[in-house]
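# Structural overview for review
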2 protein chains.
Amino acid sequence: MLKVKTEALEFVSQTRCCGGTQFVCRHRSEVCDTDMTFAVFLPAEAENGPVPALWYLSGLTCTHENAMVKAGLQAHAAQAGIALVFPDTSPRGEAVADDEAYDLGQGAGFYVNATRPPWRDHYQMYDYITRELPALVRSALPIGAAQGVTGHSMGGHGALILAFRNPDLYRSVSAFAPIVNPTRSDWGRKQLSAYLGDDEAQWALYDACALLAERGWDRDILIDQGTDDQFIDLLRPEAMAKLLAERRQPGVLRMQKGYDHSYFFVASFAGEHVKWHAERLMAA
Amino acid sequence: MLKVKTEALEFVSQTRCCGGTQFVCRHRSEVCDTDMTFAVFLPAEAENGPVPALWYLSGLTCTHENAMVKAGLQAHAAQAGIALVFPDTSPRGEAVADDEAYDLGQGAGFYVNATRPPWRDHYQMYDYITRELPALVRSALPIGAAQGVTGHSMGGHGALILAFRNPDLYRSVSAFAPIVNPTRSDWGRKQLSAYLGDDEAQWALYDACALLAERGWDRDILIDQGTDDQFIDLLRPEAMAKLLAERRQPGVLRMQKGYDHSYFFVASFAGEHVKWHAERLMAA
């Protein structure tokens, strides 16, 4: 089993998987001011030195665990020789603000830095995912600087906004059934209003379509979307489709016939997404 | 979406997956005298006619669902063009006898035909898996006669005993961390005693090592076993290893370094097991 530096991390579990190791870790997050749990898969290649990492951001109600056990990503990451990082979707715990609705509060951080009470004390997921957690995993585990980001639904939203705002941090981006236009969706307006307040100009920093329209993205993009997705009206793929075409943006938006919003959809295309990222992360 | 005959089956869900379809079905089992739930994955090739099937038998406490969502088998079955069938591990319901222990009663059918009260009224899993359910899935779905069987832990036990007792029904067999010698294990003696009574001669019909020693198996066998399996003393791989060598039995027993008993272990070798079965099921 791989040796790791353990000062900053508590290792909840280490499980042999696909020739590598699946870790579940806990640590104290300074930016979220609470304990956080996340998972990492390291391929066999990590025994010889740092490997590139693909970040997988999960959707509403998920923890680090759902994709770790249901998306089948590890077999593909093992083949490609890259690591996977599965963060949680929000801060958690009794001291952390929450809401009775499944789509606000714990399990629904939307990858924003909240500025409004009661959320701003702990809901700093944007800084957590872009700054704190990458520094931690690189210091404690054999994970290199090259990283890509993907995600599902709310996590697809997270992947796109993180990449578009940080082209220096992410070499590659893809998404499964992402919320691409939250400022125009009931999966977005309610949450951005709660976390950021009523000034909609602030919301645009967390809207993939708005960011792409304003800043562009000088690499390509892969998005898969099921045609039978039960939440498709909330995801608004048509907004991204229009933008890709109008901007002549390099990228692939695949409307996948008959697929819904489930992990069966994610697992069906997990291999192609991992390969997409690996090719770009391994390139010089 | 594939058309299926629905008289005998209730389709709980149909989900697009890996170019094929993941079904969850419910039906009335005559041999178990209760409703039963199972899952089937059909690859794209099933749209053109019957395909071979690999049966996956699950372990203690599992339903049809665990392996369906956690083992990652569908991507491999899609590539090989074979179906997967995931039965439940016991009859279920308020009218069905149960025990407070996790390893007896519901979720722990051990793939036997019980002969003792209170179990004999519903616990007829051997007949259910070998006779009733294959006839049903072949009549209602595009599944052909060629079938193999695999499973995990208690389900690995099931796979081995079903194949060894029915070489005419199963062309191929493999197992993940199987209970190979239940008549000598606390995962076996308690259950066989409850379901079959105290005459240990009856137990031998449900012991893979006893069956292989007595009847042989004229094809090969694939067994994977993790060296760090937390239940390895109950599984008794050494009994099967000795028997394979003594009998000059064609087969592969792989002691996989560092792997435990989890689905991460199953998922790590799922691709190789599916390929093993597909090669044998596709052969003329």
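Each remark here, short or long, concerns the structure printed above.
My aim in this report is to walk through the structure given alongside it, one point at a time.

The rules behind the values
The residue numbers shown here count from 1 along each chain, following its written sequence. Chains carry letters and ligands carry numbers; both start at the beginning, A for chains and 1 for ligands, and go up in the order they are written. It should be noted that, the model being predicted, local features are given only for residues of pLDDT at least 70 and side-chain atom pairs only at 80 or more, the latter also being counted only at that level, while totals for whole chains, interfaces and linings use all residues. Neither water nor hydrogens contribute to the side-chain values; these are computed over all heavy atoms in the structure. Every helix listed is a DSSP run of H or I at least four residues long, and every strand listed is a run of E at least two residues long, numbered separately from the N terminus. Put simply, the grid is 1 Å and covers the protein atoms alone, a cavity is a trapped set of points that fit a 1.4 Å probe, a pocket is an open set with protein on both sides within 12 Å along at least five of seven lines, and lining residues have an atom within 4 Å of a point. Grid points are joined across faces, edges and corners, and a volume is the space filled by probe spheres set on the points. Just so you know the grouping, Ala, Val, Leu, Ile, Met, Phe, Trp, Tyr, Cys and Pro go in nonpolar, Asp, Glu, Lys and Arg go in charged, and all remaining residues, Gly too, go in polar. When a carboxyl oxygen of Asp or Glu lies within 4 Å of a side-chain nitrogen of Lys or Arg, that pair is called a salt bridge. Burial classes follow relative accessibility: with a 1.4 Å probe on protein chains only, a residue under 20% of its type's maximum area counts as buried, one over 50% as exposed, and anything between as partly exposed. In superposing the copies, a least-squares fit is computed on C-alpha atoms, taking residues whose pLDDT is at least 70 in both. Residues count as neighbours in contact if any of their non-hydrogen atoms are within 4.5 Å of one another. At least two bridges found by DSSP between two strands are what make those strands a pair. Comment: axis = line fitted to C-alpha atoms, over the contacting stretch for helices; angle = value between 0 and 180 degrees taken between N-to-C directions. Roughly parallel means an angle under 35 degrees; roughly antiparallel, over 145; roughly perpendicular, 65 to 115; everything else is oblique. Crossings are classed by handedness, with left-handed meaning an anticlockwise turn of the near helix from the far one by less than a right angle and right-handed meaning a clockwise turn.

### Notes on unusual backbone geometry
All names here are of chain A. Following proline 117, the chain continues into proline 118 via a peptide bond in cis, with omega recorded as 0°. Assignment of secondary structure puts proline 118 in the loop between strand S5 (83-86) and helix H3 (125-140). Unusually for a residue other than glycine, threonine 61 sits at a positive phi of about 80°. By the element assignment, threonine 61 lies in the loop between strand S4 (51-57) and helix H1 (65-70).

### Quick notes on the layout of surface pockets
Any empty space left between the atoms is revealed when a probe the size of a water molecule rolls over them. Considered as a void within the structure, the largest pocket measures approximately 710 Å³ in volume. Along the wall of the largest pocket there are 31 residues; nearest its centre are His76 and Gln79 of chain A together with Ala75, His76 and Gln79 of chain B. Elements supplying a minimum of two residues to the lining of the largest pocket: helix H2 (73-80) and helix H10 (263-282) of chain A together with helix H2 (73-80) and helix H10 (263-282) of chain B. With 9 residues, the top contributor of residues to the lining of the largest pocket is H10 of chain A. In the lining of the largest pocket, the residues fall into 15 nonpolar, 10 polar and 6 charged. Along the walls of the second largest pocket sit 31 residues, with Val69 and Lys70 of chain A together with Val69, Lys70 and Ala71 of chain B positioned nearest its centre. Secondary-structure elements contributing two or more residues to the lining of the second largest pocket are H1, H2 and H10 of chain A together with helix H1 (65-70), H2 and H10 of chain B. A breakdown of the residues in the lining of the second largest pocket according to their chemical character gives 19 nonpolar, 8 polar and 4 charged.

### Quick word on the pattern of salt bridges
Between side chains of opposite charge, pairing is possible as soon as their charged atoms come close. The full count for this structure, using the stated rule, is 30 salt bridges over all chains. Across the pair arginine 28 of chain B and aspartate 35 of chain B runs a salt bridge whose closest N-O atoms are separated by 3.5 Å. With a relative accessible area of 42%, aspartate 35 of chain B lands in the partly exposed category. For arginine 131 of chain B, the salt bridge goes to aspartate 127 of chain B, with nearest N and O atoms at 3.5 Å. Of the two residues, arginine 131 of chain B and aspartate 127 of chain B are both situated in helix H3 (residues 125-140); the distance of 4 residues between them amounts to about one turn of the helix. Through salt bridges with shared partners, a single ionic network connects Asp220, Lys275, Glu279 and Arg280 of chain A.

### Some points on the relation of the copies chain A and chain B
Mapping chain A onto chain B calls for a rotation angle of 180° and an axial translation of 0.0 Å; the resulting RMSD is 0.0 Å. With respect to symmetry, the two chain copies, as superposed, fit the operation of a two-fold axis. Of the residues that chain A buries at the interface, 100% are likewise interface residues in chain B, meaning the two copies contact each other through the same surface.

### Description of the environment of glutamine 147 of chain A
Residues and elements named next belong to chain A. Along the chain, glutamine 147 falls in strand S6 (residues 143-151). Glutamine 147 sits 65 residues away from leucine 212 along the chain, and the two C-alpha atoms are 20 Å apart. With residues up to four places along the chain from it excluded, the contact list for glutamine 147 reads Ala53, Trp55, Pro134, Arg138, Leu169, Tyr170, Arg171, Ser172 and Leu281.

### Describing the sheet that holds strand S6 (residues 143-151) of chain B
All names here are of chain B. Within the open sheet, the 9 strands sit side by side as S1-S2-S3-S5-S4-S6-S7-S8-S9. Their pairing is mixed. The open sheet has two edge strands, strand S1 (10-17) and strand S9 (252-256), and neither has a second partner. Here the strands of the sheet are splayed against their neighbours by 20° on average, with no regard to which way each runs. Here strand S3 (residues 34-42) pairs with strand S5 (residues 83-86) via 3 bridges, running antiparallel. Directly across from phenylalanine 41, in S5, lies its bridge partner leucine 84. Packed on one face of the sheet, H3 meets strand S2 (20-29), S3, strand S4 (51-57) and S6 and runs near 55° to S3. Running over the sheet, H10 touches S4, S6, strand S7 (172-176), strand S8 (222-226) and S9 and is turned about 175° from S7.

### With respect to the packing of H2 of chain B against H10 of chain B
Residue and element names in this part refer to chain B. Look at H2 against H10: their axes get within 9 Å of each other, and the N-to-C directions meet at 30°. Classed by the angle they form, the pair H2 and H10 counts as roughly parallel. When you trace H2 past H10, the crossing you get is right-handed. Each of Leu73, His76, Ala77 and Ala80 in H2 lies in contact with H10, whose residues at this interface are Ala270, Gly271, Val274, Ala278 and Met282. Here the contact of H2 with H10 is built from residues that sort into 7 nonpolar, 2 polar and no charged.

Worth remembering: the numbers are spatial, not functional.
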